[in-house]
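Remarks on the overall topology
Chain residues, written in single-letter form:
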Amino acid sequence: MSRTYLITGAASGIGKATATSLKGQGHTVIGADLKNADIIADLATPDGRVHLVQQANELSGGRLDAVIAGAGIAGFDPRAVSVNYFGAVATLQGLRPLLAAGTDPRAVVIASVAAVHPHDTAIADAALAGDEEAALATARAAVDRGEGYAIYGSTKAAIARWVRRTAVTADWAGTGITLNAIAPGTVVTPMTEPMLASPDVRKILDATVPMPLHGNAQPAQIAPLLTWLTSPENELVTGQVVFIDGGADAVLRGDGMW
């Protein structure tokens, strides 16, 4: 049966690969991104987030079966706080009523294995408190003291924690909507290609995200997991951070979590 999806970050990388796969299966996909998408919206801004929800309502006819919040940025950029956390939360919260009107509603956000890296807890805590101004200020302070590298992982840790907190609430599990996160390792996308092109940076990436199974991933290798998590077949998986990282998490944390 054909389903209606909304995917943010749909113009490139994992979002594009997933949209292409879903369309090939006969599903309807509404893509959102900064360009080359059905909805042009900057999720770093409050206005962009409102625009996304308004356009999604119009283009979907008021109902969605699945949402994949895939928009994100990397690097030592404080804007990652606004996109990776606040933009993702606004997407999922803003579109939840459309999911509630859908059939077998499902939602997934793209986190990262970086969520389990050491990170700046002040950034994550401010984000989870809903204080975007404080989270941005804390991220700028991290850059000023030479620790901008912690911003990305902090945003992904925060969104993973938000999923765990939110998925089991009355608004989500209580209305039959599954909510999960996936945690990829290094994926070769337009966002990561400039970093991977530098031998020195690639060496650091390979050390911090060791992927013994097949090495760095391609976006098309991530799409099937997103497709299953947002399908009617996923009846019980919710509130989970599903690692799809070639073994990186197992290398980094071993069996200590058990």
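First, a word on scope: everything that follows refers to the structure included in this document. Everything quoted here is computed from the prediction, not taken from an experiment. Numbering of residues begins from 1 in every chain and follows the order in which that chain's sequence is written. For a predicted model such as this one, the threshold for reporting local features is a pLDDT of at least 70, and the threshold for listing and counting side-chain atom pairs is 80 or more; totals across whole chains, interfaces and linings nevertheless cover every residue. Heavy atoms throughout the structure, all of them, feed into the side-chain values; hydrogens and water do not.

Moving on: the sheet that holds strand 1 (residues 4-8). Strands are treated as partners if at least two bridges between them are detected by DSSP. Secondary structure elements follow DSSP: runs of H or I of four or more residues count as helices, runs of E of two or more count as strands, with numbering from the N terminus. Overall, parallel pairing links the 7 strands, which are arranged 3-2-1-4-5-6-7 in an open sheet. Two strands close off the open sheet at either side, each with one partner strand: strand 3 (39-40) and strand 7 (241-244). As defined by bridge partners, strand 2 (residues 28-33) adjoins strand 3 across 2 bridges and the pair is classed as parallel. Looking across to strand 3, one finds that Ala32 is bridged to Ile39. Seen against the sheet, helix 9 (residues 219-229) touches strand 1, strand 4 (66-69), strand 5 (106-110), strand 6 (178-184) and strand 7 and runs at an angle of roughly 165 degrees to strand 6. Contacts were defined at the residue level, with two residues in contact if any of their heavy atoms lie within 4.5 Å. Each axis is a line fitted through C-alpha atoms, and for a helix only the stretch in contact is used; angles between axes span 0 to 180 degrees, taken between their N-to-C directions.

Bringing unusual backbone geometry into the picture now. In terms of backbone geometry, most residues other than glycine have negative phi values and most peptide bonds are trans. Located in the positive-phi region is Asp104, a residue other than glycine, with phi close to 45 degrees. If you trace the backbone, Asp104 turns up in the loop between helix 3 (79-100) and strand 5. Three exposure classes are used, based on accessible area relative to the maximum for each residue type with a 1.4 Å probe and protein chains only: buried under 20%, partly exposed in between, and exposed over 50%. The class of Asp104 is partly exposed, set by a relative accessible area of 36%. Residues other than glycine seldom take positive phi values, yet His214 does so here, at roughly 70 degrees.

Any carboxyl oxygen of Asp or Glu within 4 Å of a side-chain nitrogen of Lys or Arg constitutes a salt bridge here. Scanning the model with the defined rule gives 8 salt bridges in all. A salt bridge links Arg79 to Asp42; the nearest nitrogen and oxygen atoms lie 3.7 Å apart. Taken as a pair, Arg79 in helix 3 and Asp42 in the loop between strand 3 and helix 2 (46-60) lie far apart in primary sequence, 37 residues in all. The exposure class assigned to Arg79 is partly exposed, which follows from its relative accessible area of 37%. Exposure remark for Asp42: the relative accessible area of 27% places this residue in the partly exposed category. One salt bridge in this structure joins Arg253 and Asp249, with 2.7 Å as the shortest N-O distance. In this pair, Arg253 and Asp249 both sit in helix 10 (residues 248-253), 4 residues apart, roughly one turn of the helix. For Asp249, a relative accessible area of 9% puts it in the buried group.

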